[in-house]
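Each chain, letter by letter, is given below.
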Amino acid sequence: NVEDNFLVPAIAKLVPETEQHSFNNRVLRNLGILDSRLHLVAMYEAIEESGDVDEKALFEKAIPSIPQMMIPRWKRKLYEPRAGVLDAEL
């Protein structure tokens, strides 16, 4: 995947970590509460599926503990109902 192989490493190398965190926070604020919760669940799911220990550590460092604790509930109440619609369309 071009994004994983080239874009992400380039951004990680060129953009300071503090600016990356600031950007992530702005994205979450602009998404609104519901969409930001869905985004966090999707990010968590992608990291879990990848099995990348370093990415998981970065996620745990960047995301406050309370939202992390809420991910299972948001997954069940918000994410799965929407993702189920996608499964039904296939």
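Residues numbered from 1 in each chain as written. Predicted model: local features only at pLDDT ≥ 70, side-chain atom pairs only at ≥ 80, totals over all residues. Heavy atoms only, no water.

Asks: Lay out the packing of aromatic side chains with the relevant residues and their values.
Replies: Considering all chains together, one arrives at 1 aromatic pair under this definition. Consider the rings of Tyr 44 and Phe 59, whose centres lie 5.9 Å apart with planes at 50°: the pair is tilted. With Tyr 44 in helix 3 (residues 33-50) and Phe 59 in helix 4 (residues 53-62), this residue pair connects regions lying 15 residues apart in the sequence. Under the relative-accessibility criterion, Tyr 44 is labelled partly exposed at 27%. For Phe 59, a relative accessible area of 5% corresponds to the buried category. (Phe/Tyr/Trp six-rings, centres within 6.5 Å; stacked < 30°, edge-to-face > 60°. Helix = DSSP H or I, 4+ residues; strand = E, 2+ residues; numbered from the N terminus. Buried < 20%, exposed > 50% of the residue type's maximum accessible area, 1.4 Å probe, protein only.)

Asks: A description of a nonpolar patch on the surface should follow, citing residues and the corresponding values.
Replies: Nonpolar side chains collect at one region of the surface, where Leu 7, Val 8 and Ile 11 lie side by side and expose about 240 Å² of accessible area between them. You can see Val 8 is positioned in helix 1 (residues 2-14). (Patch = residues over 30% accessible without salt bridge, like charges linked within 9 Å, V, L, I, M, F, W, Y side chains within 5 Å. Areas by Shrake-Rupley, 256 points an atom, 1.4 Å probe, with all protein chains shown as cover. Salt bridge = Lys/Arg side-chain N within 4 Å of Asp/Glu carboxyl O.)

Asks: How would you explain helix 3 if you had to name every residue and give the values?
Replies: In an α-helix, one full turn covers 3.6 residues, which means residues spaced three or four apart are oriented alike. When the terminal C-alpha atoms of helix 3 are compared, their 26 Å separation across 18 residues agrees well with the 26 Å that a helix rising 1.5 Å per residue should span. Those residues of helix 3 that sit buried are Ser 36, Leu 38, Leu 40, Val 41, Glu 45 and Ile 47. Among the residues trailing helix 3, Gly 51 stands out with phi positive, at a value near 70°. (Expected span 1.5 Å × (residues − 1).)

Asks: Just give me the short version of the pattern of salt bridges, but keep the residues and values in it.
Replies: Considering all chains together, one arrives at 3 salt bridges under this definition. Where Lys 61 meets Glu 17, a salt bridge forms, and the shortest distance between an N and an O atom there is 3.5 Å. With Lys 61 in helix 4 and Glu 17 in helix 2 (residues 17-31), the pair connects residues that are 44 residues apart, well separated along the chain. As a salt-bridge pair, Glu 45 and Lys 75 come within 3.2 Å of each other at their nearest N and O atoms.

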